[in-house]
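Close look at the chain arrangement
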Amino acid sequence: MSATADDFLRRRRAAVARHASQIGLDFLSVVPDSTDTTRRVVALQFLPGDPGKQAAPATLSTDNFRFTAGSVSVAGLFTLEIPERGMTTAPGETTVTFGMRFAGDADSTRRLGGAPVLTLELAGVPNLDPFFSRLDFSLDLDAPLAEDCPDDHAPAAEMEPPLASDYLAKDFASFLQKMLDHLAHKLPEWTERSPADLLVTLVELLADAGDQASYHQDAVATEAYLGTARLRTSVRRHARLVGYHVHEGSGARVWAHLTTDAPATLPAGTLLLTQVPGFGVLLGPDELAQALLSNPEVFETLEGVSLLSDRNEMQLYAWGAEEFVLPQGATSATLVGRFPGLGPGDVLILEQVLDETTGLPVDSGRSLRQAVRLTRVAPGEDPIGPSGLSVNLTEIEWHPEDALPAPLCLATRIGAVVPTGMAVARGNVVLADCGRRAPAETLTVTSGRFQPRLRFQGLTWQVPWDATAARDRSAASALVPDPRLAVPAIELSEPGRNWAAKKDLLGSDRFADDFVVEMEEDGTATLRFGDGTLGRPPAPGSVLTATYRVGNGTAGNIGRDNLYHLASDVIGVTAVRNPLAAAGGTDPEPLDNVRLAAPGFIDALENESTLEDIVARIEADPETEVEWADASLRWTGSWYALELAVRRKGGLPVDTEFASRLSAILEDVRIAGWELAILPLSFVGLDIALTIILDPDAFRGQTEQTLLDTFSNRDLPGGRRGFFHLANLSPGQPVYLSGIVEAALAVPGVHAVDFGQTSSPLNRFRRFGEPSHGEIEAGRIRLRRGELPRVDNDPAAPENGRIQFFMEGGR
């Protein structure tokens, strides 16, 4: 204890002794009982004061004593011999004596693990000074306390001042120089600077550790802000805070044409490769492995296709004309022959094969080629064909978005010759997307934070493909996928469980088997799992299997006629080509674009996140399948809850799957901190009857009809709406009797409204089909969340709500 602290305690001790009521412990003594080795006699000495002062507590009981050994309670080590009513002291007494008996074991030091020093603290004693409320003592008489030991140790050596710190030392070189300077001061005889010296090696290792620590300190501050973050993961997370999703690009797509000399079926997932010298069209497993060593671009078919030889090349019919051109914007043509099985949804590629000026094969770079999605296929016939004989034909029409971008010449005279087959239609067309399947990768889950990195770079991101839905869309739309809808082409599984890749884990519960793929600028991919609150973490020791594809971005946008190989054992395929260039391959969004776009996205959210905008968005979006919706914002006491009551098209139920899908659509416009609740909208029929007192000159029939119009659910003349029109209602809002009375009194000819049941027992104000629950007395009909009042006033369906008026007076 320092001299300053000693002086303070001496002054405090004197002040307590002089004080009229403040008391404090001075010291205690422990005396062994000569007749009983398990008993001690303890004498507590309090600070003395004036003769009439109550120096010791007037009463002490066992509840006032606390005994500890370090931080361990020793309450069970012994018992105190204190009367049940406690010990009393008179004014002027300064000593309190009591007995202490060990509980069955006289060896106190062994019971305390070799620690003989105990602490006594008095608690709950009035006027006890906090600086003199506790004392250290020992039950081992042979082991005195430190306070009893003489102060005979030598004074500490005077420490030399430390070297001045260099706060600019932030890298390996500056840390190394700083430590070498310090060692030169401490060990002036050490002058070795060879890198092979052990001490130099240790200093360099420490300098490297300091450099790494300094880097991480700087990185924390750098990655904390969108404007300075350098890691793609950091930028993505910053942007996600304002609802902006950074896209990772998407793989290219291509329409491939296959030529076959025999019927065959090509399954989805078949590999198509760009040309590798030395290999034929068909590649077996061994040849495929050899060809992949040359790193060709690899595509996988997105759907299965049936191949027929008569679809290899279909002639476009020119009707015997010497000059015949399908104009720009054309969406129909005629094929020569009949093609059973060809129907709406199939894709053909129209191709100019002969030059219209020379009649020679047209250069591939100048040839007009257009993929078209058929919308109509019908058999036809030309009874007076070019040779005078009937010709079987097939009339085709295609999607308007696939209209010809330029005229397509079917026939023209070149000198004295009219070439045939100048343009053809090619079937056996299948869509494929870019991405090479990597070998399956095994990931063993370690304890702690498990974030494995995939072995191969350039993970493929692809927009999910629905082959059935695509049959109603154009062929051109298949080549322009939206990269913001792309998902990683990876499958992650473990025995008995499949994991799902998500954009984030904000909507995942603690049981969800979800994970997130986070990409960096060099193309490496890291898998991030949940923490047990947002998403379930994988169990330590479990083994995950990752199957994924690599190849992403614009590198897959290959030019025309680059596909050549088919990795399949399908017999009959003689050629593979892509008449059209691949398209849709998009590189990951540049970080500079994110830094510019993300802050502006906040303003866009503020302008699009009103309740009216949310309702308008889901009602206008066909993917939501919402027929009618209403939104309300409710304060729960801790946060806002956005309650969305919806009615699905076709009367379908608002189930969990639908609610999850709708929540995902609204995620970008939901204000952060708002809880989103999707409620099924249900209608509640009301049963209302009121007595109307008319003016003496009012006509009953006319006034009653006006009342029925006023309380209808229809649009009224003059732009007015009925009281129970859907636009006037909100789910869960009560129907107030005062509002109905006010609207009735506004009708010309109405003098008063009687709604009491005492004066008119026929008056009603309640839910239809239910007894009254005091709604008239309360002045409102309560509705539950998602309930909407309904008054159709249809006599054939009274359960849909009715309102009646009993007319009195008038004429």
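In this report, we go over the structure that sits alongside the text. These figures come from a predicted structure and were not determined experimentally.

Some points on unusual backbone geometry
- A positive phi angle, close to 65°, is found at Asn127, a residue other than glycine.
- Phi is positive for Trp319, close to 60°, though the residue is something other than glycine.
- As for its placement among the helices and strands, Trp319 is situated in the loop between β16 (314-315) and β17 (324-326).
- Taking the relative accessible area as the measure of exposure, Trp319 reaches 38% and is therefore partly exposed.

Overview of the sheet that holds strand β6 (residues 78-81)
- The four strands lie next to each other as β1-β2-β8-β6, forming an open sheet whose pairing is antiparallel. In this open sheet, the two edge strands, each paired with only one partner strand, are β1 (25-32) and β6. Neighbour to neighbour, the strand axes of the sheet diverge by 25° on average, direction disregarded.
- Relative to strand β2 (residues 39-46), β1 runs antiparallel, the two sharing seven bridges. Bridging from a neighbouring strand, Leu28 pairs with Leu44 of β2.

A closer look at the environment of Phe172
- For Phe172, the position within the fold is in helix α3 (residues 172-186).
- Residues Phe172 and Ile693, 521 residues apart in the sequence, show an inter-C-alpha distance of 96 Å.
- Dropping the residues within four chain positions of it, Phe172 is found in contact with Glu204, Ala207, Asp208 and Asp211.

Things to note about the pairing of strand β39 (residues 682-694)
- Of all the 13 residues making up β39, 10 are buried; the element is thus mostly covered by neighbouring parts of the structure.
- Note: β39 against strand β44 (residues 787-790), four bridges, orientation parallel. Directly across from Phe683, in β44, lies its bridge partner Leu788.
- Where β39 lies against strand β41 (residues 750-754), four bridges are found, and the strand directions are antiparallel. By the bridge assignment, Ile692 is partnered in β41 with Val753.

Definitions and limits used
Residues numbered from 1 in each chain as written. Predicted model: local features only at pLDDT ≥ 70, side-chain atom pairs only at ≥ 80, totals over all residues. Heavy atoms only, no water. Helix = DSSP H or I, 4+ residues; strand = E, 2+ residues; numbered from the N terminus. Buried < 20%, exposed > 50% of the residue type's maximum accessible area, 1.4 Å probe, protein only. Pairing = 2+ DSSP bridges. Axes fitted to C-alpha atoms, helices over the stretch in contact; angles between N-to-C directions. Contact = heavy atoms within 4.5 Å.

Coordinates in, geometry out; function isn't part of it.
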